[in-house]
Amino acid sequence: MIRTNVCATLLASALVLGGANAAFTPVNSTLYKVGQIQWSNCTGEGVVPGAECGYAIVPLDYFNTSAGVAKIALGRYNATSPKRKGIVLVNPGGPGAPGVGLATENGPDLQQVVGEEYDIIGFDPRGIGQTEPATQCYSSPAARQAFIANTVLDRGYDVAPEVKDPFNRYHLIQTQRDADGLYKSQFEICGQTMGDGLRYMGTSTVVRDVDFITRLLEGEEALINFYGLSYGTAIGQYLVNMMPHRAGHIVIDGVLDAVPWSSVPSYKWERQFMVDTDDTYKLFMSECAKAGPSQCALAKHANDTGETVLARVEQFVNNLYYQPLAVPNATLPGILTNGLYLLGSLISPTSWPDAAQAVAQAINGDGTTILNAVNVKDNSDLERSAVSCNDNKPFAPPTAQEVIDEQLYDLEHVSRFSLSVVTSEPDAGCQFWPVTPPERFLGPWNSTLKIPMLVVSNTLDPATPLLSGQLAQKRQGDSSARLLIQNGPGHTSLALPSLCKALVLQAYFANDTLPAVGTICQVDASPFPDPANATSLARRESPKERKMLDSLHRLTKVLHG
């Protein structure tokens, strides 16, 4: 009873802190009129010469002109070839990631992938980045952090090494009940502060923005060219099926399958979305063993195998369930539990040396680096939920037992990371979402396209598996989509550079050329870049190829660290 009273007091304090002074701020429709577009020179660090920043004014609600306007933040890097062909809009994923910087900071490098004949247009989707209205459920990012601090939404789920242990199920059900209470509370806060303003953040509305912006910039008849990564692939799938007659060159890279995304509750996604996660994890360990102690801190001996490195790491992680590691020197001191783990590093093979170093330090008693990394949140508010919950078809609220039984199945049969992703990819709790969007596209997903869509998937993507790319291509049909496979690990094909992949994309944007059916591109880098590593590449490139590879390396660093 004492514990319950203390928790109730803390929760009440968090509710006050969360909602205080936050409010929905509409765009002034007297000052800004639909169809306005404004460009100016960009300011700030990292902006490339010639980049432009601006905004487009679009309808807040495409089905109700009286609802007001939205101000979509834009970035542009103009074509550098005199044979300009138009624009390519780009999205880095998330949902929740701003996209302006892809043009203003990375435009020249992206042109090495899509072609110098195109303007690169980055945009911050609804409720994200500098686009207005913003998603602001909390008074500040600090208020949101205070709300989730030391809860399951912050620490993750602690899972017993023996998944079938009956107490493990009991403990996880109790944790899920806490999570459900937190989801309900935070969405009630959001409903109070944002009201109907939350309705306009979904992918269906973003697609209409992409169409509107294309028409503003290129004219009414211009087709939409789009390159979407990760969640950006959902935008691409929505686009070609909502508006097949408007689709030009569409590339989706690292495919988030739009069908479960829109029509299946998030706690059931892992059976499909995480089928390649554990194999990526094992590859991390085997590549570490190949690299040896000089290149990978988790390899202790020259004759280590992937299995021995994996066993060493698993023993440490499993022990955290019984004895969490005190971390007094982190920026936000706390404890390292087995709910806080290295899932995030799997998406980025170039980070594997640093991740290995951080885990090795934790094994030796210092979890500072890991906890500091975990405490950096991708989202400052509920901007991700505003997309995923507006997109997801309403469903009957599951019981905590139903959620955990599904997750226990996934832990045993799909991935040991299935509960880690629940908090690292915060899409859960949509049964409590307080609004209904003006439009929620649910298919069909098999429209015929004039120019086939190019679908790109890695062989080992821990977040958006090859299976999702195959399903998206199959639904669209052979005449409307072609699958390109990149033989490498990581999330999206930009996780590791591939000259082959870049040349395929250039040809596609240049003249509609598709790769041959069954094409598999190799990567041109290793997670552990040592000449002795079996996956390192020794080649001589032409100056053009070298320039392209340099751009790919920079894009990998920007997107994956």
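Placed above this text is the structure.
What comes next is a walk through the structure. (Residues numbered from 1 in each chain as written. Predicted model: local features only at pLDDT ≥ 70, side-chain atom pairs only at ≥ 80, totals over all residues. Heavy atoms only, no water.)

**With respect to the environment of Phe226**
Reasoning step 1: With respect to the secondary-structure elements, Phe226 resides in strand E6 (residues 224-229).
Reasoning step 2: In this structure Phe226 comes out as buried when scored by relative accessible area, which is 0%.
Reasoning step 3: With residues up to four places along the chain from it excluded, the contact list for Phe226 reads Val88, Leu89, Asn91, Phe123, Gly232, Ile235, Gly236, Leu239, His249, Ile250, Val251 and Phe509. (Helix = DSSP H or I, 4+ residues; strand = E, 2+ residues; numbered from the N terminus. Buried < 20%, exposed > 50% of the residue type's maximum accessible area, 1.4 Å probe, protein only. Contact = heavy atoms within 4.5 Å.)

**Topic: the packing of aromatic side chains**
Reasoning step 1: Enumeration according to the criterion identifies 17 aromatic pairs in this entry.
Reasoning step 2: Between Trp269 and Phe273, the aromatic rings sit 5.5 Å apart at their centres with planes inclined by 40°, giving tilted as the arrangement.
Reasoning step 3: A relative accessible area of 7% places Trp269 in the buried class.
Reasoning step 4: Judged by relative accessible area, which is 9%, Phe273 ranks as buried.
Reasoning step 5: Taken together through their ring pairs, the aromatic side chains of Tyr231, Trp261, Trp269 and Phe273 make up a single cluster.
Reasoning step 6: Lying across the ring of Tyr55, Lys71 places its NZ or CZ 4.5 Å from the centre.
Reasoning step 7: The cationic tip of Arg271 hangs over the ring face of Tyr409; the distance from NZ or CZ to the ring centre is 3.8 Å. (Phe/Tyr/Trp six-rings, centres within 6.5 Å; stacked < 30°, edge-to-face > 60°. Lys NZ or Arg CZ within 6 Å of the ring centre and 35° of its normal.)

**Concerning the state of the cysteines**
A covalent bond between the sulfur atoms of two cysteines is referred to as a disulfide.
Reasoning step 1: This structure, assessed with the given rule, holds five disulfides.
Reasoning step 2: Linked covalently through their sulfurs, Cys42 and Cys53 form a disulfide whose S-S length is 2.1 Å. Disulfide Cys42-Cys53: the torsion about the S-S bond is 110°, which places it as right-handed. In this pair, Cys42 sits in the loop between strand E1 (37-41) and strand E2 (52-59) while Cys53 sits in strand E2, placing the two residues eleven residues apart along the sequence.
Reasoning step 3: On the accessibility criterion, Cys42 (14% relative accessible area) is buried.
Reasoning step 4: By relative accessible area, which is 22% here, Cys53 ends up partly exposed.
Reasoning step 5: With a sulfur-sulfur separation of 2.0 Å, Cys288 is cross-linked through a disulfide to Cys296. Looking down the S-S bond of the Cys288 and Cys296 bridge, the torsion is -90°, so its handedness is left-handed. Of the two residues examined, Cys288 and Cys296, each falls in the buried class. (Disulfide = S-S within 2.5 Å.)

**Section: the pairing of E2**
Reasoning step 1: Among the eight residues in E2, seven count as buried, and that is most of the element.
Reasoning step 2: As paired elements, E1 and E2 share five bridges and run antiparallel to each other. Counterpart to Asn41 in the pairing with E2 is Glu52.
Reasoning step 3: The pairing of E2 with strand E3 (residues 69-77) spans eight bridges and is classified as antiparallel. Within the sheet, the bridge partner assigned to Glu52 lies in E3 and is Arg76. (Pairing = 2+ DSSP bridges.)

**Some details on helix H12 (residues 306-322)**
Reasoning step 1: With 17 residues, H12 ought to run about 24 Å at 1.5 Å a step, and its terminal C-alpha atoms sit 25 Å apart, in line with that.
Reasoning step 2: Turning to H12, its buried residues are Gly306, Val309, Leu310, Val313, Glu314, Phe316, Val317, Leu320 and Tyr321. Buried residues of H12, seen end-on, are gathered within an arc of 160° and therefore sit on one face of the element. Residues of H12 that are exposed and point more than 90 degrees away from the buried face comprise Glu307, Gln315 and Tyr322.
Reasoning step 3: Elements that come into contact with the buried residues of H12 comprise helix H6 (166-194), helix H11 (277-291), strand E8 (325-327), strand E9 (334-336) and helix H14 (352-363). (Expected span 1.5 Å × (residues − 1). Arc of directions from axis to C-beta.)

Purely geometric numbers; function is a separate question.
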